Amino acid sequence: RNNDGTTSWTTIDVPGARETFPYGIENNNIVGFYNNTSDSGHHGFLYDGTVWTTIDVPGAMNTILCGISGNKIVGYYWYVTDRYYGFIYDNVKKIYTTIDVPGASGTFLRGINDNGSVVGTYYSNINGSIRGFLYDVPRPTQCRNWLLFD
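For every chain, the first residue of the written sequence is number 1, and numbering continues from 1 onward in sequence order. The predicted origin of the model limits local features to residues at a pLDDT of at least 70 and limits the giving and counting of side-chain atom pairs to 80 or more, whereas totals for whole chains, interfaces and linings rest on all residues. Note that the side-chain values use all heavy atoms of the structure and ignore hydrogens as well as water.

**Looking at the overall build of the protein chain**
Here is step 1 of the chain: Counting its secondary structure elements, the protein chain contains zero helices and twelve strands.
Here is step 2 of the chain: Put simply, DSSP marks the helices as runs of H or I at least four residues long and the strands as runs of E at least two long, and each gets a number from the N terminus on. When its helices and strands are written in sequence order, the protein chain yields β-β-β-β-β-β-β-β-β-β-β-β.
Here is step 3 of the chain: The atom set for the radius of gyration is the C-alpha atoms, and the globule formula is 2.2 Å times the number of residues raised to the power 0.38. Here the protein chain has a C-alpha radius of gyration of 16 Å; the compact-globule value for 150 residues is 15 Å, and the two agree.
Here is step 4 of the chain: Its C-alpha atoms give the protein chain principal-axis dimensions of about 50 × 40 × 30 Å.
Here is step 5 of the chain: Accessible area is worked out with a 1.4 Å probe on protein chains only. A residue is then buried under 20% of its type maximum, exposed over 50%, and partly exposed in between. Across the 150 residues of the protein chain, 40% fall into the buried class.
Here is step 6 of the chain: Long-range pairs, those at least 24 residues apart, make up 22% of the contacts in the protein chain between residues at least 6 apart in sequence. Residues count as neighbours in contact if any of their non-hydrogen atoms are within 4.5 Å of one another.

**Some thoughts on the pairing of strand β9 (residues 106-112)**
If a strand is regular, its side chains alternate between the two faces of the sheet.
Here is step 1 of the chain: Of all seven residues in β9, six are buried, a share of seventy percent or more.
Here is step 2 of the chain: Whether two strands pair depends on DSSP finding at least two bridges between them. Strand direction decides the pairing type here: β9 and strand β10 (residues 117-123), joined by six bridges, are antiparallel. The residue bridging Ile112 from the neighbouring strand is Val118, located in β10.
Here is step 3 of the chain: Here β9 folds back onto β10, and the loop between the two strands holds four residues, one of which, Gly116, carries a positive phi near 90°.

**So, the side chain of Asn36**
Here is step 1 of the chain: In this fold, Asn36 is placed in strand β2 (residues 29-36).
Here is step 2 of the chain: Filtering out sequence-adjacent residues up to four positions away, Asn36 remains in contact with Gly16, Ala17, Arg18 and His43.

**Description of the sheet that holds strand β4 (residues 52-55)**
Here is step 1 of the chain: Spatial strand order, β1-β2-β3-β4: four strands in an open sheet with antiparallel pairing. Only two strands of the sheet have a single partner each, and these edge strands are β1 (17-26) and β4. The average undirected angle you get between the axes of adjacent strands in this sheet is 30°.
Here is step 2 of the chain: Pairing between β2 and strand β3 (residues 42-47): six bridges, direction antiparallel. When the sheet's bridge partners are listed, Phe33 is paired in β3 with Gly44. What counts as an axis is a line fitted to C-alpha atoms, over the stretch in contact for a helix, and the angles between N-to-C directions run from 0 to 180 degrees.

Spelled out as structure tokens, the structure:
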């Protein structure tokens, strides 16, 4: 909502992309993915209102960005014939950290908060269903802490 109480719509299109899918927003930063006409893959993007930055997990065919908090971006990626992997990307250090639910056949990170807690979904190997999770990313002195939802 604008200061005068009106609303406005802004088109979000990665320049040269065939399709653009914005998924997460924090302040002026928008994350998501796009497809272009030169390949069949999905590419993650960060848009700060001025600059478009492609963020792709090295070696992955597809990268989907879903959430952002400060310098941390979450999403998931996959290779040509492989499973899905969740990840956290540190946009300052330029480091990708893969985060997978133990025993899952696929992990999808969807959101992150200021404390570094992550939410998402995963494929359960028990019956092939999709489940939700909350993951508290450990600090250097912490142990891993998972909360899985049925």
